[in-house]
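Results of the structural survey
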Amino acid sequence: MLNLLRSTLKKLTGMAGLITCAILIGCNAPGPVAESTPADIKVSWQLVSNFAEPGNTIEAKFIFRNDGDVALGDTAWAMFFNISPRTPLANKTEQPATVSHINGDWYKLTPNKGFLLKPGGTLEVNYRAEDFVIKETDAPLGMYIVYYEADGKEKKIVELGDATVIPFTTKEQMLRGPNDKEPIQTPELDYRKNLSLKEIPADKTLPLVPEPVKYTRGSDSFSLTTASVITAGPGLENEASILAAKLKDLTGAEFKILPGAAGTGNINLKKAGVTVNGISKEAYRLSINKTGINITGSDAAGVFYGIQSLVALIPIEAIQKKNTVIPIGSITIEDAPRFAFRSVHLDVGRNFQTKETILRTLDLMAAYKLNHLLFYTTEDEGWRIEIDGLPELTEVGAERQHQQGKEGAGLHPAYGSGPVAKESGKHGSGFYSKADFIEILKYASNRHIKIIPELNFPGHARAAIKAMEARYERLMKNGKEAEANEYRLVDPLDKSTYISAQGYQDNVVDVTRPSTYHFYEKVVDELINMYKAAGLALDIMHIGGDEVASGAWEKSPPAIELFKKNPGMGTYKNFHPYFVRNLLPLLQKRNLAVHAWEEAALLYKADGSTLPNPEFAGGKLVPYIWNNLYDPGLGYRLANAGYPIVLCSVTNFYFDLAYDNSPVEPGLYWAGFVDTRDAFTFDPYNIYNTTYTNSMGVPMVFNKPEMLKPAARKNIIGLEAQIWSETIKGQDMLEYYLLPKLFGYAQSAWSAARPWENVSDIAAREKIILEKWNSFANTIATKDMPRLSYLNGGYNYRVPPPGGIIENGELKANVSLPGLVIRYTTDGTDPVAASALYTAPVKLNGKVKLRCFDAAGKASRVVSL
């Protein structure tokens, strides 16, 4: 939602000259040029410094190399690419080419007079921009050259791929300018951080994650064999079937399912009254002893979660060997969720994920007792669900490809998707058919997960806008003016200028047009039909509502007229609550609860400040609160004002933020960095206790913070973890970002209140957190992570690299998750599973490479000392 650029694109509106130059076919008069083949031109990219000027200014360079035998001259070509958006600044010295912004993260490099890349030669193009970059994932992606005819028409497109990134090695490259107080990530830093952790015996680890409310371990065990039978009470056929499938997946054995009463030696599933910590919904009791396994749930969901706990208790050794006899230690568990709403937000708009990846993610969520998926399928860069009657939404809005000037058959490239739609290995194009979406809905429902669709308006709407403009043009050509205007989302006379947080200048709908609301109703009605086809009812709609750019609507004739008639509106930004006011009744009459990002619950003052809007309080709107960093008290202010809220705190639950600031660790960092411990420590009722530093690593100081009133505690209905996909390409990257962070989040969302949450003394609180984290870290390293290597064919979780230091010629090393092992080499090769095992300090001469491994053999990245 809030992107890397919220505070750094404020000056992009001054780029008119650069933008104009970029959108034109060429900044130089076209002329004849000899084409190079795709293999001829190579492009590297180097960040020179984040300290180029006082304040936040970067200096970077493109390095062109010509491996062919034909020169590349200064006319009739341009290179297009995607890069993490930064405002271009004027160069201090004349350069062979100019880098300019087009829209979003789409940029263009145009040769200046005198550009000449000779055969066998290299040429550097320096440029400057606002802000900072510290990640290799910030580098140019999806580069391609467009060659032009003499008359300016496009002649040929040559794909170059992603830039080769020259490694970041200096302080000026790895720190975000002089204000960055975050220490540079090194093995030595990790070693010092890890000194407070220690390995503990297996019987001192948690039995499973998330930690049950109550559990008692016994002294005997039950032997699960191929002769074991699952008996399921009425209404639990789905749960029994899922259990049998899970057991087969992990053990290779078939398990028979019988209805009715349980027999000795069986796994027995039934529904009956269960209440834990005063909570009945989704509660369960699991009992394992030498005579059998009994799972009792207050409802089918409770039984399902008892099943997830049973599966998690199967020893990793048995899974690895696929034993036919599996001993499961005796235990009694009584468990229920802390929060009824436990959600994951998944963005497939910016980069598409396949249906199969979504199903795998739902399985993962179910295993960790999460019960909502906020499915983010509409964005500036993509519309991902087929909608009957509006084919352009997927024909145009679900495809990204090269566009010249005014767009035609799709959206422009973004996030490295390249110039060709539907190209193999790219993630810009794609959508879910109606059948796909219905299948996803059913699959989720069978796992007690409710999917919440999100149609983000009035901002973040570029894919919908462009699709409906294509529809408008098609119908106007056929003389169907009334039909053409039926779902149009913009006013052609609107000359408003703005720039969104992600660099867009055309992504806000016209909230004064009836057709905008008609479009929204049409999409919602089609979604309702798909839910019905899945045997479900759509009862929650998320309307988005975040990051509407300043300047929107200010030069729209109907908006200007409406503003004059409503002087109390104060600022054009209050067209945002105007939109919500008009949309709410349309959704409420469809019996939909309405959820939104926090901005939708605010009123805007002329000075830019905000206050809770009393109009939508009391349950009319459920805002999701990401901002515990720039306005830490906002969530509590809204809860105290009567809003039910979902906490999505950016410093704890934004999983697209990088694990740390290492240049090779992928991810965003506009709000700092998020690791598994951050997700684990979260205190929902006093976020100030677990919000430690600002985005630059400076300790947070809270002056008279807004505290949550006791009567408003009930207004925190749940938590959500976010996965935004700007830097995520495909299934493996998605899972890497999610895991193991998801473990910490599941603990915060499900498990009972933690003992540190009511401790005011910082030292005492941190001591308790460390003790509990040490146990949790041991648990996930020895149980949960290796288990994921075998579930669903294996998930691509992240194994953190080791810490290490050389003191007095001696290697000392440790791990951030006790239970991982370290292997090392001294011959320059990367450590593998058979390399030397580190168990104690080692005398060394020369360089050493280190790597962590878990019990499944999954490895971390290599670090060198």
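A brief structural summary.

Cut-offs applied
Residues numbered from 1 in each chain as written. Predicted model: local features only at pLDDT ≥ 70, side-chain atom pairs only at ≥ 80, totals over all residues. Heavy atoms only, no water. Axes fitted to C-alpha atoms, helices over the stretch in contact; angles between N-to-C directions. Helix = DSSP H or I, 4+ residues; strand = E, 2+ residues; numbered from the N terminus. Parallel < 35°, antiparallel > 145°, perpendicular 65-115°, else oblique. Contact = heavy atoms within 4.5 Å. Nonpolar A, V, L, I, M, F, W, Y, C, P; charged D, E, K, R; others polar. Core = buried A, V, L, I, M, F, W, Y, C linked by side-chain atoms within 4.5 Å. Buried < 20%, exposed > 50% of the residue type's maximum accessible area, 1.4 Å probe, protein only. Pairing = 2+ DSSP bridges. Phe/Tyr/Trp six-rings, centres within 6.5 Å; stacked < 30°, edge-to-face > 60°. Salt bridge = Lys/Arg side-chain N within 4 Å of Asp/Glu carboxyl O.

1. Details of the packing of helix α7 (residues 355-367) against helix α9 (residues 434-446)
In the contact formed by α7 and α9, the axes pass within 10 Å of each other and the chain directions differ by 10°. In terms of their interaxial angle, α7 and α9 are classed as roughly parallel. Judged by residue contacts, Lys355, Ile358, Leu359, Leu362 and Asp363 of α7 engage Asp436, Glu439, Ile440, Tyr443 and Ala444 from α9. Considering only residue class, the contact of α7 with α9 consists of six nonpolar, no polar and four charged.

2. Brief notes about the nonpolar core
Counting residues in each nonpolar core, the largest one holds 209 residues, and the members touching the most others are Phe519 and Tyr745. Apart from residues lying up to four places away in sequence, Phe519 is in contact with Trp383, Leu390, Leu393, Leu455, Phe457, Ala464, Met468, Tyr487 and Leu489. Core analysis: the next-biggest nonpolar cluster, separate from the first, contains 39 residues, Leu47, Tyr107, Ile134 and Ala139 among them.

3. Details of the sheet that holds strand β8 (residues 141-148)
Across the sheet, five strands lie side by side as β5-β6-β3-β8-β9; this open sheet has antiparallel pairing. The sheet is open, and its two edges are formed by β5 (97-103) and β9 (154-161), each paired on a single side. The sheet shows a mean angle of 25° between the axes of neighbouring strands, direction not considered.

4. Focus: the packing of aromatic side chains
Tallied over the entire structure, the rule returns 49 aromatic pairs. Relative to Phe519, the ring of Phe457 has its centre 5.8 Å away and its plane inclined at 10°; by these criteria the two rings are stacked. Linking Phe457 in the loop between β22 (450-454) and α10 (462-477) with Phe519 in helix α12 (residues 514-533), this pair joins segments that are 62 residues apart in sequence. We note that Phe457, like Phe519, is buried. Both rings, one in Trp597 and one in Trp724, keep their centres 5.6 Å apart while their planes meet at 45°; by these two values the pair is tilted. Taken together, the residues Trp597 in strand β24 (residues 593-597) and Trp724 in the loop between β29 (716-723) and α18 (730-738) connect sequence positions 127 residues apart.

5. A word on the environment of Gly121
On the secondary structure map, Gly121 appears in the loop between β6 (106-111) and β7 (122-130). Separated by 392 residues in sequence, Gly121 and Arg513 place their C-alpha atoms 56 Å apart. Aside from chain neighbours lying at most four places away, what touches Gly121 is Phe64, Arg65 and Asn66.

6. Some points on the sheet that holds strand β36 (residues 863-864)
Taken together, the four strands give an open sheet; going across it, the order is β33-β32-β35-β36, and neighbouring strands pair in antiparallel fashion. Since the sheet does not close on itself, it has two edges, and those belong to β33 (836-838) and β36, each with one partner. The pairing of strand β32 (residues 821-825) with β33 spans three bridges and is antiparallel. Within the sheet, the bridge partner assigned to Ile822 lies in β33 and is Tyr838.

7. Points about the environment of Thr110
Tracing the chain through its elements places Thr110 in strand β6. On the basis of relative accessible area, Thr110 is assigned to the buried category, the value being 3%. Taking C-alpha positions, Thr110 is 8.5 Å from Asp74, a pair spaced 36 residues apart along the chain.

8. With respect to the side chain of Lys135
Inspection of the secondary structure assignment puts Lys135 in the loop between β7 and β8. Once you skip the residues sitting within four places of it in the chain, Lys135 turns out to touch Phe168, Ala658, Asp660, Asn661, Ser662, Pro663, Glu665, Gly667, Tyr669 and Phe673.

9. A word on the pattern of salt bridges
Tallied over the entire structure, the rule returns 41 salt bridges. Notably, a salt bridge pairs Glu392 with Arg474, separated by 2.5 Å at the nearest N-O pair. Of the two residues, Glu392 is situated in helix α8 (residues 392-395) and Arg474 in helix α10; the sequence distance between them amounts to 82 residues. Residue classification places Arg474 among the partly exposed residues on the basis of a relative accessible area of 36%. Across the pair Glu615 and Arg581 runs a salt bridge, and its minimum N-O distance is 2.7 Å. Here the residue Glu615 occupies a position in the loop between β26 (610-612) and β27 (622-625), and Arg581 occupies one in helix α14 (residues 575-588), the gap between them amounting to 34 residues. Overall, Glu615 belongs to the partly exposed group, its relative accessible area being 29%. For Arg581, a relative accessible area of 36% gives the class partly exposed.

Bear in mind that shape data such as this cannot, by itself, settle questions of function.
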